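The chain contents come next:
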Amino acid sequence: MQKIAVYGKGGIGKSTVTSNLAAAFASLGKRVIQIGCDPKADSTINLLKGEALQPVMTYLKEKDEDPQSWQDISKVGYGGILCIETGGPTPGLGCAGRGIIATFQLLEDLNLFEDWQPDIVLYDAPRIPVGEDQVQHVELTRDLVNRINNRYGNIVQMPKAEMRKVGARIMSLSDPTK
């Protein structure tokens, strides 16, 4: 399974690029999951023929319980692509990173990746905050961006690790002592 994150500031076409990559991989016969990580929850709308998908964070807030299965928080769209939106707080009013992390943990708990067995997982992310122990993940993405830009021209923005002074090490959501 390959995981690819598309980073960048708002309004530069990340969702369009991510959806097109998903469609291209699906047309090659790959099993694809696209996970939208933006609070606007609009990353997968083109793959779902304009139909909005209820974000995971909205589901959790309205139902006040975890979903029974990953099917409760996903839809299959164009080319058999499994679509998921994390959602989150209104931009500027909360920490979207916390919702993203909670969603990722939930997807693991629901055995999504074992059940669906994707070849490719695409993440459409406005930015991914990392802890000091996770900078290597951004470095791997930077290597990928370098390869793409060297081959096709300067088409993908180079991601940067965003570490804050407070919370520089991401702890367990269920046990803050870990």
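Remember, predicted model here, so these are calculated numbers, not experimental data.

## Describing the overall build of the protein
Turning to step 1, where the next piece is worked out: Counting secondary structure elements, the protein contains five helices and five strands.
Turning to step 2, where the next piece is worked out: Total accessible area computed for the protein in this model is approximately 10600 Å², and 50% of it derives from carbon and sulfur atoms.

## Thoughts on the sheet that holds strand E2 (residues 32-36)
Turning to step 1, where the next piece is worked out: Pairing in this open sheet of five strands is mixed, and the strands run E1-E5-E2-E4-E3 from one edge to the other. Where the open sheet ends on each side, the last strands, each with one partner, are strand E1 (2-6) and strand E3 (75-76).
Turning to step 2, where the next piece is worked out: Sheet contacts for helix H1 (residues 14-27): E1, E2 and strand E5 (120-124); angle to E5, the most-contacted strand, approximately 170°.

## Observations concerning the pattern of salt bridges
Turning to step 1, where the next piece is worked out: If you walk through the whole model with that rule in mind, you get one salt bridge.
Turning to step 2, where the next piece is worked out: Taking the shortest distance from any N to any O, the salt bridge between Lys75 and Glu51 comes out at 2.2 Å. Residue Lys75 is found in strand E3, and its partner Glu51 is found in the loop between E2 and helix H2 (56-63); the two are separated by 24 residues along the sequence.
Turning to step 3, where the next piece is worked out: A relative accessible area of 29% means that Lys75 is categorised as partly exposed.

## Description of the packing of aromatic side chains
Turning to step 1, where the next piece is worked out: What the rule picks out here adds up to two aromatic pairs.
Turning to step 2, where the next piece is worked out: Aromatic pair Trp70 and Trp116: ring centres 5.6 Å apart, planes at 85°, arrangement edge-to-face. With Trp70 in the loop between H2 and E3 and Trp116 in helix H4 (residues 112-116), this pair connects stretches of sequence that are 46 residues apart. Grouping residues by exposure puts Trp70 and Trp116 together as buried.
Turning to step 3, where the next piece is worked out: Just above the ring of Phe113 sits the side chain of Lys3; from NZ or CZ to the centre is 5.1 Å.
Turning to step 4, where the next piece is worked out: For the cation-ring pair, Arg31 lies above Trp116, with the distance from its terminal atom to the ring centre recorded as 3.9 Å.

## Let's talk about H1
Turning to step 1, where the next piece is worked out: Under the 1.5 Å per step criterion, the end-to-end length of H1 is 20 Å for 14 residues, consistent within 8% with the ideal 20 Å.
Turning to step 2, where the next piece is worked out: Of all the positions in H1, only Lys14, Thr18, Ser19, Ala22, Ala23, Phe25 and Ala26 are classed as buried. Buried residues of H1 fall within an arc of 165° about the axis and therefore sit on the same side.
Turning to step 3, where the next piece is worked out: In this structure, the buried side of H1 is in contact with E1, E2 and E5.
Turning to step 4, where the next piece is worked out: Two residues or fewer after H1 comes Gly29, characterised by a positive phi angle close to 85°.

## Here we look at the nonpolar core
Turning to step 1, where the next piece is worked out: Grouped together as the largest cluster of nonpolar side chains are 18 residues, with contacts concentrated most on Ile33, Ile35, Ile84 and Leu112.
Turning to step 2, where the next piece is worked out: Every element with two or more residues in this core is listed here: E2, H2, strand E4 (82-85), helix H3 (96-109), H4 and E5.
Turning to step 3, where the next piece is worked out: The contacts of Ile84, once residues within four sequence positions are left out, are Ile33, Gln34, Ile35, Gly36, Thr44, Leu53, Val56, Ile73, Ser74, Leu107 and Leu112.
Turning to step 4, where the next piece is worked out: Counting 12 residues, the second-largest nonpolar core is a separate cluster that includes Ile4, Val32, Leu53 and Ile81.

## Some remarks on the pairing of E5
Both faces of the sheet carry side chains from a regular strand, because those side chains alternate between them.
Turning to step 1, where the next piece is worked out: When you tally the buried positions in E5, you get five out of five residues, the bulk of the element.
Turning to step 2, where the next piece is worked out: Here E5 shows two buried faces, one formed by Ile120, Leu122 and Asp124 and the other by Val121 and Tyr123.
Turning to step 3, where the next piece is worked out: In this sheet, E5 lies alongside E1 in parallel orientation, the contact comprising five bridges. When the bridges of E5 are listed, Ile4 appears paired with Leu122.
Turning to step 4, where the next piece is worked out: Here E2 runs beside E5; their pairing, made up of five bridges, is parallel.

## Details of the environment of Ile45
Turning to step 1, where the next piece is worked out: For Ile45, the position within the fold is in the loop between E2 and H2.
Turning to step 2, where the next piece is worked out: Judged by its relative accessible area of 29%, Ile45 falls in the partly exposed class.
Turning to step 3, where the next piece is worked out: Separated by 26 residues in sequence, Ile45 and Ser19 place their C-alpha atoms 8.9 Å apart.
Turning to step 4, where the next piece is worked out: Ignoring sequence-local partners within four residues, the contact set of Ile45 consists of Gly50, Glu51 and Ala52.

Procedures and definitions
- Residues numbered from 1 in each chain as written.
- Predicted model: local features only at pLDDT ≥ 70, side-chain atom pairs only at ≥ 80, totals over all residues.
- Heavy atoms only, no water.
- Helix = DSSP H or I, 4+ residues; strand = E, 2+ residues; numbered from the N terminus.
- Areas by Shrake-Rupley, 256 points an atom, 1.4 Å probe, with all protein chains shown as cover.
- Pairing = 2+ DSSP bridges.
- Contact = heavy atoms within 4.5 Å.
- Axes fitted to C-alpha atoms, helices over the stretch in contact; angles between N-to-C directions.
- Salt bridge = Lys/Arg side-chain N within 4 Å of Asp/Glu carboxyl O.
- Buried < 20%, exposed > 50% of the residue type's maximum accessible area, 1.4 Å probe, protein only.
- Phe/Tyr/Trp six-rings, centres within 6.5 Å; stacked < 30°, edge-to-face > 60°.
- Lys NZ or Arg CZ within 6 Å of the ring centre and 35° of its normal.
- Expected span 1.5 Å × (residues − 1).
- Arc of directions from axis to C-beta.
- Core = buried A, V, L, I, M, F, W, Y, C linked by side-chain atoms within 4.5 Å.

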